Amino acid sequence: MRLQVSLLCLAFLTLASHSQAEDQASFYRSNDQARRCHYTFTVASPEESSCPGGSGKPETDGVLSRLTLLEALVSRLIAGMDADTKTEVVANGEEALQEAYSQVTAERNQLQQDKERLNKQVQELQRRMAELSQEAESIRQKPCQQTQTSGGTQHENSHRPASGMYITSGSKGKADNKSILEFFLTGCGELLSVGDPVLHRKADGITGKYGVWLQDPEPQGPQYTNKTVWRIDAVGKDVRQLFAYEDMNQFSRGFPMKVLVLPEPVESTGATMYRGSLYYQRKRSRTLIRYDLASESLASRRELPHAGFHGQHPYSWGGYTDIDLAVDEQGLWAIYSTSKAKGAIVISQLDLESLEVKKTWETNIRKNTVANAFMVCGRLYTVASYTAPNTTINYVFDTATSIGRAVAVPFKNKYRYNSMVDYNHAQRKLYAWDNFHMVTYDIRLGRASNGSS
C-alpha cells in the first residue's frame, strides 16, 4: 500500500514538473466520521477551469473531524470538572453535617444533665414540702407542755423534723417565717452540727502535707462530672499540677485519669472549683485566676483590691493562706483581710466570669485568730483550732443581715493539722485536708437564730 501511494505521488510530481497548470498540487490527510484515515491529492486540471459537479473543499472534512474531536474532549473535560465539583460539595456538606451533629449532641447531653439536676431538685423540694406539712400538722395537734423555769412558767414545744431542720415553737426560740421559707425553698439554714471525719485517702509523700481536694458541685459539659475528684498538693516552690480522678474510688486508690498543668503557680490551699472552672490565687500576689477545665486555659484574671497576700493576713496555721476562695449556694466568695480592716476578716462576693467584686462585708473577728473558714448559705463560719482534736466552729457571720456572733459547733481535727476546709453544697459535706489525710464531714443545717455579735 505504501509503495502504491509513493508511486502515485511520484507520478503526480513528474506530471507536475512538465505542466505549468499543475504547479499548485496539494496533499491532504484527514479522518472520516468513522475515524478512518484518508489521504487526498489535489491537482489542477489542465483542461477544465472548474468542476462540473460543484466546488467541495478537502479541508472541510478535516476541520469537521477536528471540531468533532475537540467537542468530545471538551465534553469529557466538563464532565470531569462537574464530578470533582460534586465530590467537593458532597465532602463539604458531610463535614458541615458532622459538625452540626456533634454540636447538637453536646447540647442535648448538657440539656439532659440540666434536666436530671432539676428533676432531683424538684423531688427534693417535694420531699421537704411533705415533711414540713406533716410536721406542721403534728405541731398543731400536739398540745404545748408547761415547764417551770427560774423566770416562771414557760410553754415550749420542741421537735426535730426528719429533714434535719430543727424548729422550736413557743415564747422561747420561736421559728420565724423567713427562716422556715429559706430552708423550704433552698435547703439553706444555719449550721447545727458537723459529723465525724471520714477518711478517703492519705497522701504518700511530703508534698501531701497540706493541699486542696474537692469536687465541682455544678460541673459543666460531659467531660467532667460531679463524681470527678480534683486534687492539688500545695507543698512546693512552683505548684502547678492539678490531678483529676474519675471518681472517689479511683481517688482512694491513687489512680488519676489526667494531670493538668496550670498556667500560673498556686498559692497555698485557698483554691475552689465551681461550674467547670478552678478558681485560685496566683503565687506571691493578690491576683485571682479562673482556669477553664474544658479548654485547659486561663479564662480570666483580676486583682482582689487591697487584699493582703503572702503572709500579711493568713490563718493561724500560716501557709500563706491570706486569700481563701469559697463556693456555696449563693456563688463565689473571697475570704481575706486588708490593711484598712486591720486584719479582720473581709468577705467579698465575686462575679463568676470576670472575678469582679460585687459586694463586700467586714466582720469583727481577726483572721489570724482562726484556723480556717468556709461559706454555707451566705454565712461565714470559722474554725477555732487546726491542731486540737476536739475544737469548735466558733463564729458565724450572716451576709444577709451583716450580723456576726459567737457559736460553739463541735468540730474534730482527727489528724491534728487541718490546713483546708471547704464546703460542697451539692454533697452537703465539708471537705478537709488534715495532715496528709483527705476527709469529709457530714453537716446538718437548721433554722437561723436571730442573735447578734
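Scroll up to find the structure this text is about.
Predicted model only: the values in this text are computed from it and were never measured.

Peer 1: Residues and numbers for the pattern of salt bridges, please.
Peer 2: Enumeration according to the criterion identifies 13 salt bridges in this entry. Between Asp-442 and Lys-429 there is a salt bridge, with its nearest N and O atoms 2.5 Å apart. Taken as a pair, Asp-442 in strand E26 (residues 437–446) and Lys-429 in strand E25 (residues 429–434) lie far apart in primary sequence, 13 residues in all.

Peer 1: Break down the side chain of His-200 for me, with residues and values.
Peer 2: Here His-200 is to be found in strand E7 (residues 198–202). A polar side-chain atom of His-200 sits 2.8 Å from a polar atom in the side chain of Thr-440. With near-sequence residues (within four places) excluded, His-200 lies in contact with Trp-213, Met-248, Phe-251, Ser-252, Met-438, Val-439 and Thr-440.

Peer 1: Summarise the environment of Ser-268; cite the residues concerned and give the values.
Peer 2: Of note, Ser-268 is situated in the loop between strand E11 (258–261) and strand E12 (272–274). For the pair Ser-268 and Met-420, spaced 152 residues apart in sequence, the C-alpha separation works out to 9.5 Å. Ignoring sequence-local partners within four residues, the contact set of Ser-268 consists of Val-212, Ala-234, Trp-317, Gly-319, Tyr-320 and Thr-321.

Peer 1: Requested: an account of the packing of aromatic side chains, with residues and values cited.
Peer 2: Within this structure, the stated rule accounts for ten aromatic pairs. Taking 4.8 Å as the distance between ring centres and 70° as the angle between the ring planes, the aromatic pair formed by Tyr-224 and Trp-230 counts as edge-to-face. Trp-230 shares its class with Tyr-224; the two are buried. Among the aromatic side chains, those forming a connected cluster through ring pairs are Tyr-210, Trp-317, Tyr-386 and Tyr-417.

Peer 1: Describe in detail the sheet that holds strand E22 (residues 390–398), supporting the description with residues and values.
Peer 2: Hydrogen bonds along the backbone pair up the strands of a sheet, which may run parallel or antiparallel. Judged by pairing direction, the sheet is antiparallel, and its four strands sit side by side in the order E20-E21-E22-E23 without closing on themselves. Looking at the sheet topology across the chains shown, the edges are occupied by strand E20 (372–376) and strand E23 (403–412). On average, each strand axis in the sheet is tilted by 25° relative to the strand beside it, whichever way the strands run. Relative to E23, E22 is paired through eight bridges, and the arrangement is antiparallel. Bridging across to E23, Thr-391 finds its partner in Phe-411.

Peer 1: Can you break down a nonpolar patch on the surface residue by residue, with the values?
Peer 2: Judged by side-chain polarity, Leu-64, Leu-67 and Leu-70 come together as a nonpolar surface patch covering roughly 280 Å² of accessible area. Along the chain, Leu-70 falls in helix H2 (residues 58–141). Look at Leu-70 and you get partly exposed, because its relative accessible area is 48%.

Reading guide: rules and limits
- Throughout this description, residue numbers start from 1 for each chain and increase along the sequence as written.
- Local features in this predicted model are restricted to residues whose pLDDT is 70 or higher, and side-chain atom pairs enter the listing and the counts only when it is 80 or higher, whereas totals over whole chains, interfaces and linings include all residues.
- Only hydrogens and water are removed before side-chain values are computed, so all heavy atoms of the structure are retained for them.
- One side-chain nitrogen of Lys or Arg within 4 Å of one carboxyl oxygen of Asp or Glu is enough to make a salt bridge.
- For the purposes of this entry, the term helix denotes a DSSP run of H or I that reaches at least four residues, the term strand denotes a run of E that reaches at least two, and both are numbered from the N terminus.
- For the purposes of these results, a polar contact is taken to be a pair of N or O atoms within 3.5 Å, where, inside protein, one atom must be able to donate a hydrogen and its partner to accept one; residues adjacent in sequence count only when each atom of the pair is a side-chain atom.
- Contacts are assigned to residue pairs that have any heavy atoms within 4.5 Å of one another.
- Side-chain rings of Phe, Tyr and Trp, where Trp is taken by its six-membered ring, are said to pair if the distance between their centres is within 6.5 Å; with planes under 30 degrees apart they count as stacked, over 60 as edge-to-face, and otherwise as tilted.
- Throughout this description, buried means an accessible area under 20% of the type-specific maximum (1.4 Å probe, protein chains only), exposed means over 50%, and partly exposed covers the range between.
- Two strands pair under a simple rule: DSSP has to find at least two bridges between them.
- Throughout, an axis means a line fitted to C-alpha atoms (over the contacting stretch in the case of helices), and angles, computed between N-to-C directions, take values from 0 to 180 degrees.
- Exposure above 30% relative accessible area and the absence of a salt bridge qualify a residue for a patch, where like charges join within 9 Å and nonpolar side chains (Val, Leu, Ile, Met, Phe, Trp, Tyr) within 5 Å.
- Under the convention used here, a 1.4 Å probe and the Shrake-Rupley method define accessible areas, while residue burial counts only the protein chains that appear.

So far we have only geometry, and geometry alone does not tell us how the molecule works.
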